[in-house]
Amino acid sequence: MANDATGATALHPETLLVHAGTLRSQYGETSEALFLTQGHVYDSAEQAEGRFLNTDPGFQYGRLSNPTVAMLEQRMAAFEGAEACRATATGMAAVTAAVMAPVRAGDHVVAARALFGSCRYVIEDHLPRYGVESTLVDGTDLAAWRAAIKPNTKLFFLESPANPTLEVIDIAAVAAIAKEAGVILVVDNVFATPLYQRPLALGADLVVYSATKHIDGQGRCLGGLILGSKALIEADIQTYLRQTGPALSPFNAWVMLKSLETLPLRIRQQAQNATAVARWLKDRKDLPHVAFIGDPDHPQAEIIARQMSGPSTLIAFEVAGGKDAAYRFLNRLKLIRISNNLGDAKSLIVHPATTTHQRFTPEVRASMGVGDGLVRLSIGLEHADDLIADLRQALDG
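Computed from a predicted model, the values in this text were never measured in an experiment.

> Can you walk me through the nonpolar core in this structure?
When a protein is soluble and globular, its nonpolar side chains tend to lie buried together. Membership of the largest hydrophobic core comes to 30 residues, with the highest contact counts inside it found for Leu72, Met76, Tyr209, Ile215, Leu225, Leu227 and Leu260. Taken together, the elements giving at least two residues each to this core come down to α3 (67-80), β3 (84-88), α8 (193-196), β8 (206-210), β9 (224-228), α10 (250-260) and α11 (263-283). In terms of nonpolar packing, the next biggest core, distinct from the first, is built from 27 residues, Ala111, Val132, Phe157 and Leu206 among them.

> Mind showing me how you'd approach the packing of aromatic side chains here?
A complete count under the given rule lists 3 aromatic pairs for this structure. Judged by centre distance (4.8 Å) and plane angle (45°), the ring pair of Trp145 and Phe156 falls under tilted. Of this pair, Trp145 sits in helix α6 (residues 142-148) while Phe156 sits in strand β6 (residues 153-159), placing them 11 residues apart in sequence. By relative accessible area, Trp145 is classed as buried at 0%. On the accessibility criterion, Phe156 (0% relative accessible area) is buried.

> Looking at this structure, how should I read the sheet that holds strand β12 (residues 337-338)?
Within a sheet, adjacent strands bond to each other through the backbone by hydrogen bonds, running parallel or antiparallel. Strand order across the open sheet formed by 5 strands is β10-β11-β14-β13-β12, with mixed pairing between neighbours. Edge strands, defined here as strands with exactly one partner in the open sheet, are β10 (289-292) and β12. Each of β10, β11 (314-318) and β14 (374-378) is contacted by α11, which is oriented at about 160° to β10, the strand it contacts most.

> Please clarify how the pairing of β6 should be interpreted in this entry.
In the case of a regular strand, side chains alternate between the two sheet surfaces. Counting buried positions along β6 yields 6 of 7 residues, so the element is predominantly enclosed. Sheet analysis places strand β4 (residues 108-112) next to β6, joined by 4 bridges and oriented parallel. Looking at β6, one finds that Val109 is bridged to Leu155. Of the strand pairs in this sheet, β6 and strand β7 (residues 184-188) are connected by 5 bridges, and their pairing is parallel. Considered in β7, the bridge of Leu155 is made with Ile184. Taken together, β6, helix α7 (residues 171-181) and β7 constitute a β-α-β crossover, and its handedness is right-handed.

> Can you help me understand helix α2 (residues 45-53) in this one?
Since there are 3.6 residues in each turn of an α-helix, residues three or four apart along the chain are aligned in direction. Taken residue by residue, α2 has Gln47, Ala48, Gly50 and Arg51 as its buried positions. Along the long axis of α2, the arc covered by the buried residues comes to 160°, so they all point the same way. Opposite the buried face of α2, by more than 90 degrees, sit the exposed residues Ala45, Glu46, Glu49 and Leu53. Asn54 occupies a position one or two residues after α2 and carries a positive phi of about 65°.

> Teacher, can you tell me more about the layout of surface pockets here?
The calculated volume of the largest pocket comes to roughly 930 Å³. Forming the walls of the largest pocket are 32 residues, and the residues nearest its centre are Leu64, Ser65, Glu73, Arg86 and Gln238. Mapped onto the lining of the largest pocket, the elements with two or more residues apiece are α3, β3 and α9 (230-244). Taken together, the residues of the lining of the largest pocket sort by class into 14 nonpolar, 9 polar and 9 charged. Here the element with the most residues in the lining of the second largest pocket is helix α4 (residues 91-100); it accounts for 3 residues.

> Any chance you could explain the pattern of salt bridges here in plain terms?
Any two side chains of opposite charge can pair, on the condition that their charged atoms come close. Evaluated as defined, the whole model comprises 17 salt bridges. Notably, a salt bridge pairs Glu14 with Arg268, separated by 2.5 Å at the nearest N-O pair. With a gap of 254 residues between them, Glu14 in helix α1 (residues 13-19) and Arg268 in helix α11 connect regions that are remote in the sequence. The exposure class assigned to Glu14 is partly exposed, which follows from its relative accessible area of 31%. Across the pair Asp170 and Arg306 runs a salt bridge, and its minimum N-O distance is 3.1 Å. Highlighted residues: Asp170 in the loop between β6 and α7 and Arg306 in helix α12 (residues 301-307), separated in sequence by 136 residues. When its relative accessible area of 12% is taken as the criterion, Asp170 is described as buried. When salt bridges with common partners are traced through the structure, they connect Glu32, Arg75, Lys258 and Glu261 into a single cluster.

> Can you help me understand the sheet that holds β7 in this one?
Strand order in the open sheet made by the 7 strands is β3-β9-β8-β7-β6-β4-β5, with mixed pairing throughout. Edge strands, defined here as strands with exactly one partner in the open sheet, are β3 and β5 (133-137). For this sheet, the mean angle separating the axes of adjacent strands, direction not counted, is 20°.

> Explanation requested: the side chain of Gln197 in the structure shown.
Looking at the element boundaries, Gln197 is found in the loop between α8 and β8. Once residues lying within four places of it in the same chain are set aside, the contact partners of Gln197 are Glu80, Ser160, Pro161, Ile171, Asn189, Ala192, Leu202, Tyr209, Gln307 and Met308.

> Can you help me understand unusual backbone geometry in this one?
Glycine aside, residues mostly have negative phi angles, and peptide bonds mostly take the trans form. A cis amide bond links Ser160 with the next residue in sequence, Pro161, at an omega value of -5°. By the element assignment, Pro161 lies in the loop between β6 and α7. With an omega of 5°, the peptide bond between Asn163 and Pro164 qualifies as cis. Summarising the element assignment, Pro164 is placed in the loop between β6 and α7. The phi angle at Leu166 is positive, at roughly 65°, despite the residue not being glycine. With respect to the helices and strands, the residue Leu166 is situated in the loop between β6 and α7. Phi at Thr193 is positive, roughly 70°, even though this residue is not glycine. Within the element layout of this structure, Thr193 appears in helix α8.

Calculation notes
- Residues numbered from 1 in each chain as written.
- Predicted model: local features only at pLDDT ≥ 70, side-chain atom pairs only at ≥ 80, totals over all residues.
- Heavy atoms only, no water.
- Core = buried A, V, L, I, M, F, W, Y, C linked by side-chain atoms within 4.5 Å.
- Buried < 20%, exposed > 50% of the residue type's maximum accessible area, 1.4 Å probe, protein only.
- Helix = DSSP H or I, 4+ residues; strand = E, 2+ residues; numbered from the N terminus.
- Phe/Tyr/Trp six-rings, centres within 6.5 Å; stacked < 30°, edge-to-face > 60°.
- Pairing = 2+ DSSP bridges.
- Contact = heavy atoms within 4.5 Å.
- Axes fitted to C-alpha atoms, helices over the stretch in contact; angles between N-to-C directions.
- Right-handed = clockwise from strand over helix to strand, strands pointing away.
- Arc of directions from axis to C-beta.
- 1 Å grid on protein atoms, 1.4 Å probe; cavity = no way out; pocket = protein on both sides within 12 Å on 5 of 7 lines; lining within 4 Å.
- Points joined across faces, edges and corners; volume = space filled by probe spheres on them.
- Nonpolar A, V, L, I, M, F, W, Y, C, P; charged D, E, K, R; others polar.
- Salt bridge = Lys/Arg side-chain N within 4 Å of Asp/Glu carboxyl O.

Take a look at the structure:
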C-alpha cells in the first residue's frame, strides 16, 4: 500500500482532515478502503518474525493494528500535531489506557474533581484497587495542584472544559506545574474539540478523545483516541492496548475517517448555533445560571481567550425549581431529544444529576457544580431559531 498523504505540516486543518494518513491499495481507490480482516498472512516465517519484532513494517493481527485504523490514527495525529496516535474501542477505553498504562502500584495520581462520572470512577475507584493513590482537587486552583503533589506523583488528569459544568482549567499553567514535578499531564479534550483547543501545544503530554462525540458526530459509532509523543505512546500505552485488547473496529474507524472530512464544517455550524441559543438563554430572567464557553461573563473567560480558538457546542444551565422543574422542562421538549450523548448533528439534552453523575452523593455532586436543576444541552445542526422556539415553549410551559 502507498501512503497518499503529503506529510506537509503547513497544510490547513481542513486539508489535513481530508487527505492526511491516506493509504491506497493497488486498486487506487478514491475513498479510504475498509479492511475488514482479523489477521494478515506473511510471505515467509522470517517476515512473520520481523512483523512481531517491528523490524519489518506491516500488519499482523486486528487486535494489534489494521490498515483502516492506522489511517484514522495517522490523520488524527497530523491534525492534532502529535507524533503518534492510538485508537481504542471507546472513549473510556482511551481514558483508562492513558491513565492506567503509565502508572504502577505505589504511584499517585492527581485529578481535577469536575469530571465525567466514568472518568472520576477510573481515578477515584479503579486506580486504588491496583495500589495507585489518587487525589481530587479544584482544577481551577493552581495552588491545589501544587499542594497535592507527593514524591510518588506520576500523573495529572483533567477535563477542560469539564463535563457537564463547562468549568475551564488553565492547561498551560497546570502543564508547567506538571513539568516541574516530572509528572505526566493527560487532558480530556472532548468538549473543546480538536478544532478549538490544542492541549499538546499548551504543554500537555497526552490528549484523549471520545471519538464517539464530535469526531463521529452523527450518533453511529463508538471510538476513542490517545495522542502524544512517540516516546510516551510506545513506552507503555501501545503495549497496554496490544495486550489488553480494546481495539477499534475497522468499520468504526472507516466511518470516523469519513466524518473527519466534515468535522470543521459541522463544529463551526454547531458552535454558531450554540452561541445564538446561549445568548437567548442568558437573556431569560427565570434561569439562575447559564454556562457557555463563548460567553464573556464565563468565570474563566480570560483563560478561554488564551487557550481556545472557538466556543464549545455545549451549554449548561440551571432550571429554577430543582429536579422536578427540570423534568417538566425536559419532558415538554419536542425537537431537542433527551440523550446522554453529545457532539451529535441532532441537539441532545440530559439531566446529569440523575444520569451521567447519578452515582455520586448530593454532596459530591454539589462540589462538582452538578445541581438538581442543571441540564446539559448539546447543540446540533438544526436551525438555531427552531431550537430557540423549542426551548421557549418548554420553558414557558
